Each structure stands twice: as C-alpha cells, then as structure tokens.
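Residue-level listing of the chains:
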Amino acid sequence: MPSLYPAPRRAKWLRPALLLAALLPAFAGANITLPIASVTTAAPNAKPDSAYQTTLTAKISQPRPELMRLLAEIQPARLEQHIRQLVGFHTRHTASDTESTTRGIGAARRAIKAELARCSGGQLQVAFDSHLEPAGPRLARPTEIVNVVATLPGRMAGVAGRERIYVVSGHYDSRASDVNDATSFAPGANDDASGTAAVMEMACVVAAARSRGSLPPMDGTLVFMAVAGEEQGLFGAAHYAKQARSQGKNIAGMITNDIIGSSRAEDGRIDASQVRLFAEGIAAKTELPEAQRKLLASGGESDSATRQLARHVKEVGERHVPGFGVTLIHRRDRYLRGGDHIPFLEQGYPALRLTEPNEDFRHQHQDVRQEAGVQYGDLPEFVDFEYVAKVARVNLAALISLAMAPAAPVGVKMHTEQLENDTRLSWQASPEADLAGYRIVWRDTTASVWQGSMLVGKVLDFRVKGKSKDNYLFGVQAVNKEGYVSVASYPLP
Ligand SMILES: [Zn+2]
C-alpha cells in the first residue's frame, strides 16, 4: 500500500517574515500588548524601537506563515482513515491477542509502527518501546506493554545539558465496559484512536515537510508516541516517563491527546470551537521542594513549569488555528479520570492533557450495544474528524514553536533587596547562537495568560520602572532571530 503521505509541492519555509512586518503599522514603543489582553501600560524605561525590534515584535505576535502552511497539511480524511483502521482491529485491549495480523493490540501496534515507518521517508526514528508489566488488579497475567515511538531528533540531541525533548502522545489501547474484558468489541474511536491518529498525522506531516526541505532543523527533539496500557493503569506512559527520568532526559514538555474526537455533548449540544487543556499547578506531593516553596511564598502557584507550558500552548495554538479556543483548566484532570500526562508530572516533567469540551460518556468505556433506543459504544460515527484536525493543529503549532525556540532562560531572579515600586529582574545568558535577546512578560496576579510584554535586547539584568513586582506576575523569555519565543521562566526571589 502506498503511503498516505506523498511529498507534494515544495514550500518556502524560510521566506522572511519581513514582508509581514512591513504590512503592519509600526509599533510606537517596545511595549506591545497581546491581542487577548487589555493591559497597555508603557514601560517608562523602554527605548524607542529599532527597525529590527519592530520586525522581531511582528514576527513574535503574528501567525507564522511557515507554520500555517504546515498546519494546513493536516487532513481530516487521513485522520478518519487512521481511526477507522484502528477500530478495525476489533479490540485493542492491552491483554488482547498479539499474534493475529487482523485483530487485537499486537496487530494494532504493528500497523501504527508500519505506517509511521512508511510515511517517515527516513526522517523519523521509529521503534517499539516495550516492557513487561507484572500482573495486578487490572492485568490477569504479566503482560508486554509496547509503546510506538517516532523521534525527530533536534540539533541539540545528545549535546550535554542542551537537549530538550517535547513528547506528544495518544493511547492506542481500548476497553469495553469491563476493564478486564480483552475480547469484546472495543472500538475506542474517540478514546483514544482520535489522539493516536492525531499523533500519527502530526508525525507524518512533519516528516514529509522535512523530506522536501521545507522544515529547517529545530533545536528541540520531537517525540511522537502511541502508548499502550493506559486503560489498565497508565502503564506505557509510566514506563516511558520513569525511564526518561532515570536516564536524565530533559523532557521540557509533554502533551497527551486523550478523547479529542467529538464535538457533541451528551445533551446534543455541538461545540467544535474549543478544546480543554488541563494543566496542574504545584505537583501534588507531600513534601515540597525548595523551588516550589519559593513559588508559593511569592504568589507564583500558577507559574509552575506545567502552567507556563500551558499558557504557551494556548497562545501559540489560538494564534495559528483561527476561531478555535484552547480553554485553560487549572487542574490535573477531570474528576474520576486520569491520563498519560500524570506519570510525567509524577516524574517532575511539565505535562498537559487535551480533551474535547463536552464529553458523552455513553461513548466511552462502554460495550457496543443498543439500550432503550440509545446507541452505546465508542464508534467512529460519533467522531468529528474536522474537529480532530483542529486539535492536531493546536498541538503541532505548539510543538514546532517550542522546538524552534531557544530554551527558557535559567537562573531568573526577582530582586527583592529593598522596598521599591520597580521590578528588577536578572537571569543567566542563554547559550543559543541564534539568540536575538530576551522578552519580559507580565500579567495581573489574577490573570491566567500574559497580558503585556517588552523586548529588552541582549541584557541580563533589567529594571521595569513603574511596574511593581507586588502587583504583577512576571516572566522572562528567550527570543531567537526568527522570532521564536521560549516558554517563560518564573523569577524566584
Ligand atoms: Zn483515554
């Protein structure tokens, strides 16, 4: 079978955004306001914009043409094909058949791996990541749990202290009503063939772009992962996260896509205009490490690494998927439910969950059946493939932006030596060769997303005059010459 992913026209990835900048009115000061916000307070010590700063500001705040072209390649029809193929394996229960070529989880994972290898054009490292999970309440016998992992190494892969990894996942295992029922029809079209298909589509679109030379090298490494054992206890994700931690890997961000397939609520309402992004604050541990205690003491409970990542995903995602909202939810997950981001959080990595806005629980974890005229079961007819495509685009916009951008600044410090109404921040120099400078962002203490920002050039110490640290939350970002911006770092006192 030929790949679903031909390499069509050659896109001009690096067409300068200068044209875009020229079309925009010049900004009056270095201080810009994000479109989502109303704070416009000028920083009194902001120097007049150089033409360069104006260009950079435009690049930062406008949709990036090269990203928009990439996102347009995500196709609902291919997502549908992936989802229907996965449903076709009858069940993908973690303890189901692994020998058959047409049924069960073994056939499913081989198909996912084969498709990723086929579309990769040699760009992705595609492999199984397997371990033996001991028997337990949700596993009758020791079971091999196999993740399918496709890696696009970044420029910093293997460079000590510089490697950053961004993981995006969906789980390909499925279940029926009884969590230990490994034989009944368990289509799992929405939970979670939708997330698996989105991950496959992203990987293949990225590989095709790289093959035809329209995706330049990125600093960060992207890991596209289809995991197993989620329904039995998050086993695949837990194994991967634990292994990463023991190998000292720097996972700078993780996003699980779980139940991103339907725009229709149980009461029939349709909302295809948003996706929920679950983001934990302070990791729920009995004893708080020093950095977290400082975070709490300074009112930074919403500025954990996970929340910083979340506002970045929201901002970049909404900018590149017009008319679509990423609704930030400041909690780990929904009540009574969990997902593959949790093992990553438990290993101390920033991790998020994307899920449709209104779930219909008749189509999750349910045997396929008719009852009182109601169709139960997680069938493809309840999946909105256009909607899945939008969520996949949010993911890809965020992942590429993160991998292109410099690492977030380290050693960011809020100076509190004396009582004053200014805000003095300092940080360590970023090692990136293509660094353009730094950007200070801020928001009201009750706001969840950045409201104001200013480029401050290549300095390592900056005083924001007339803007009191007592009244705002601040962050410092690194910006490269292409205008890609890092996640913000919280200044600890
Ligand atoms: Zn799920």
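Placed above this text is the structure.
Residues numbered from 1 in each chain as written. Predicted model: local features only at pLDDT ≥ 70, side-chain atom pairs only at ≥ 80, totals over all residues.

Visitor: Looking at this structure, how should I read the overall build of the protein chain?
Guide: The number of helices and strands found in the protein chain is 12 helices and 17 strands. Taking all 493 residues of the protein chain together, the buried fraction comes to 50%. Long-range pairs, those at least 24 residues apart, make up 77% of the contacts in the protein chain between residues at least 6 apart in sequence. (Helix = DSSP H or I, 4+ residues; strand = E, 2+ residues; numbered from the N terminus. Buried ≥ 20, exposed ≤ 12 C-beta atoms within 10 Å, placed from the backbone. Contact = placed C-beta atoms within 7 Å.)

Visitor: Would you take a moment to explain the nonpolar core for this structure?
Guide: Of all hydrophobic cores here, the largest spans 127 residues; its most connected members are Tyr 166, Met 202, Ala 203, Met 225, Leu 352 and Val 388. With 15 residues, the single largest contributor to this core is helix H12 (residues 385-404). Two domains each provide a minimum of three residues to this core, namely domain 1 (16-62 + 408-480) and domain 2 (65-404). Setting aside chain neighbours within four positions, we find Val 388 in contact with Pro 76, Leu 79, Ser 194, Ala 197, Ala 198, Ile 260, Gly 261 and Val 383. (Core = buried A, V, L, I, M, F, W, Y, C linked by C-beta atoms within 7 Å. Domains from an automatic or database assignment.)

Visitor: How should helix H5 (residues 104-120) be read in this particular structure?
Guide: For an α-helix the count is 3.6 residues per turn, leaving residues at separations of three or four pointing the same way. In a regular helix each residue adds 1.5 Å, so 17 residues correspond to 24 Å; H5 covers 25 Å between its end C-alpha atoms and thus fits that length. What H5 keeps buried is the set Gly 104, Ile 105, Ala 107, Ala 108, Arg 109, Ile 112, Glu 115, Leu 116, Cys 119 and Ser 120. On the buried face of H5, the contacting elements are helix H4 (76-87), strand S2 (125-133), strand S3 (143-152), helix H6 (189-211) and strand S5 (221-227). Immediately beyond the C-terminal end of H5, within one or two residues, lies Gly 121, with a positive phi of roughly 55°. (Expected span 1.5 Å × (residues − 1).)

Visitor: Can you help me understand the sheet that holds strand S7 (residues 274-279) in this one?
Guide: Backbone-to-backbone hydrogen bonds join strands into a sheet, with any given pair of strands oriented parallel or antiparallel. Strand order in the open sheet formed by eight strands is S2-S3-S5-S4-S6-S9-S7-S8, and the pairing between neighbours is mixed. With one partner strand each, in any of the chains shown, S2 and strand S8 (325-329) form the two edges of the open sheet. Across this sheet, the average inter-strand angle for adjacent strands is 25°, counted without regard to direction. Across four bridges, the pairing between strand S6 (residues 251-257) and strand S9 (residues 351-355) is parallel. Across the sheet, residue Ile 255 finds its bridge partner in S9, namely Leu 352. Contacts from H12 reach strand S4 (165-171), S5, S6, S7, S8 and S9 within the one sheet, and its direction differs from that of S4 by about 160°. (Pairing = 2+ DSSP bridges. Axes fitted to C-alpha atoms, helices over the stretch in contact; angles between N-to-C directions.)

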